[in-house]
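# Residue-level structural notes
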Amino acid sequence: MKFPIASSVLLLLAVSTEAFVPSVPAARAKTSLHATVTDAVKTSDASSSATKDPLLIRAARGEEVERTPVWMMRQAGRHIAEYRELCKEYPTFRQRSEIPDVAVEVSLQPWRNYQTDGCILFSDILTPLPGMGVDFEIDEKVGPVVEPMRTWDSIKKMHLIDPPKAAPFVETALRTLREEVTPETAVLGFVGCPYTLATYLVEGKTSKEYLEIKKMAFTEPDLLHAILKNLADSIGEYALYQIEAGAQLIQIFDSWAGHLSPRDYDTFAAPYQKMVLDKIKEKYPDVPTVVYIKHSGSLVERMAATGVDVVSLDWTVDMAEGRERIAAGRAKAGLEGPGGVQGNLDPGVLFGSQETIKERTHEILEKAGPTGHVMNLGHGIEAATSEENAKFFIETVRNYRHPGQE
């Protein structure tokens, strides 16, 4: 892919307050992305792909599939040497995620290298915040930094997002990804959930204990609910925007809701997850949705009860038990069907031997069964993971067949 950097930078500067380096280095010469994809991927199911939805989408809907699909959370990023080289030319995260052609290239790297069944947009859960009246910076060492919002006056600047105005680069990137990947590959979008986004707004940065937002929850709950409602309204619109730009599945991340007690999850997280999910399903009922929460072992039934199509388990939950708990949570909430599951290999396993990777991966696949499962890690892939082992994991899943599968 060629990088028309000049036009992309002009677009970015028009919609972002981020101050980039004075000049953007010229892009390296690259071979055609299509030419680098293996013949096996390019010709796989060529005839059926014209009439079938991508494998991952069909699995997420609970349909019978020919094999279990696989991708990895955080698959695009630091563990790939190509990405680290790209960082030298585009040193800030917002350059890499908000210049459309750079974001597309980063998104395609793991798909091109590993033949993943999903290609997820390279972006960040905080990307839509400026469009809601909340500016942020990303410190390469500290992470996201936001001016803390802890008073009623401070939230007056929040407003409903206008996605095409706030993040046109997202639409450009998603449309390009749909053109670049094979028909059998699913293009994945994602959003951050209101509670997790609120932790950044209230804390001002990443936290270990989340004491400020918990203090607000217990002393000024109405203020926190106002923040959460504002976020839910905008995040729902942002998710619809991604679907309309080409995303075929939306994963919602409520990463820090795992720090809540079950009672507080029911009060401050689940209702706002459901607001986002309901908005998606009202307009696009056939687009699958996935929810992920880190350290969510105590919340599995509650996650399933939101009506999400697929619950993404972290590695602390046994896959067989997780499937039973998802089905139980849905049944208790009056929802039809057992629900889907994603995950859940411990990312640390990828530092082990290939024999160990294969054994642990097969164990999860066997427990998950042949339908309603999207194989993934139980959290994002670690930056120090070798590309060789990442590729081996993907190949192990792609080569596995349940009895009766082709």
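Above this text sits the structure in question.
Attention in this report is confined to the structure presented alongside it. Keep in mind that what you see is a predicted model, and the values were worked out from it rather than measured.

The rules behind these values
- Residues numbered from 1 in each chain as written.
- Predicted model: local features only at pLDDT ≥ 70, side-chain atom pairs only at ≥ 80, totals over all residues.
- Heavy atoms only, no water.
- Helix = DSSP H or I, 4+ residues; strand = E, 2+ residues; numbered from the N terminus.
- Buried < 20%, exposed > 50% of the residue type's maximum accessible area, 1.4 Å probe, protein only.
- Contact = heavy atoms within 4.5 Å.
- Areas by Shrake-Rupley, 256 points an atom, 1.4 Å probe, with all protein chains shown as cover.
- Pairing = 2+ DSSP bridges.
- Axes fitted to C-alpha atoms, helices over the stretch in contact; angles between N-to-C directions.
- Parallel < 35°, antiparallel > 145°, perpendicular 65-115°, else oblique.
- Left-handed = near helix turned anticlockwise from the far one by under 90°.
- Nonpolar A, V, L, I, M, F, W, Y, C, P; charged D, E, K, R; others polar.

## Structural notes on the overall build of the protein
- Helix and strand content of the protein: 19 helices and nine strands.
- Counting only residues that meet the buried cut, the protein has 56% of its 406 residues in that class.
- Taking the contacts inside the protein whose residues are at least 6 apart along the sequence as the reference set, 77% of them involve residues at least 24 apart.
- Taken as a whole, the protein presents about 16,800 Å² of accessible surface, with 52% of it coming from carbon and sulfur.

## Structural notes on unusual backbone geometry
- The residue after Gly 343, namely Asn 344, is reached through a cis peptide bond having omega 0 degrees.
- Its identity as a non-glycine residue notwithstanding, Arg 74 has a phi of 60 degrees, on the positive side.
- Checked against the element boundaries, Arg 74 lands in the loop between helix 5 (55-60) and helix 6 (81-89).
- At Gln 115, a position not held by glycine, the phi torsion is positive, near 65 degrees.
- For Gln 115, the position within the fold is in the loop between helix 8 (100-114) and strand 1 (118-120).
- The class of Gln 115 is buried, set by a relative accessible area of 16%.

## Digging into the sheet that holds strand 9 (residues 373-374)
- As summarised here, the arrangement of the seven strands in space is 1-4-5-6-7-8-9, forming an open sheet in which the pairing is parallel. Of all the strands in the sheet, the pair left with one neighbour each is strand 1 and strand 9.
- With three bridges connecting them, strand 1 and strand 4 (residues 186-192) associate as parallel partners. Its bridge partner lying in strand 4, Gly 118 is registered against Ala 186.
- Those strands touched by helix 17 (residues 319-332) are strand 7 (310-312), strand 8 (340-342) and strand 9, and its axis lies near 145 degrees from that of strand 8.

## Regarding the packing of helix 17 against helix 18 (residues 354-368)
- Interaxial distance between helix 17 and helix 18 falls to 8 Å at its minimum, and their mutual angle equals 30 degrees. Between helix 17 and helix 18, the angle is such that the two are roughly parallel. The element helix 17 and its partner helix 18 pack so that their crossing is right-handed. Contacts between helix 17 and helix 18 involve Met 319, Ala 320 and Arg 323 on the former and, on the latter, Ile 364, Lys 367 and Ala 368.
- Taken together, the residues that form the contact of helix 17 with helix 18 break down as four nonpolar, no polar and two charged.

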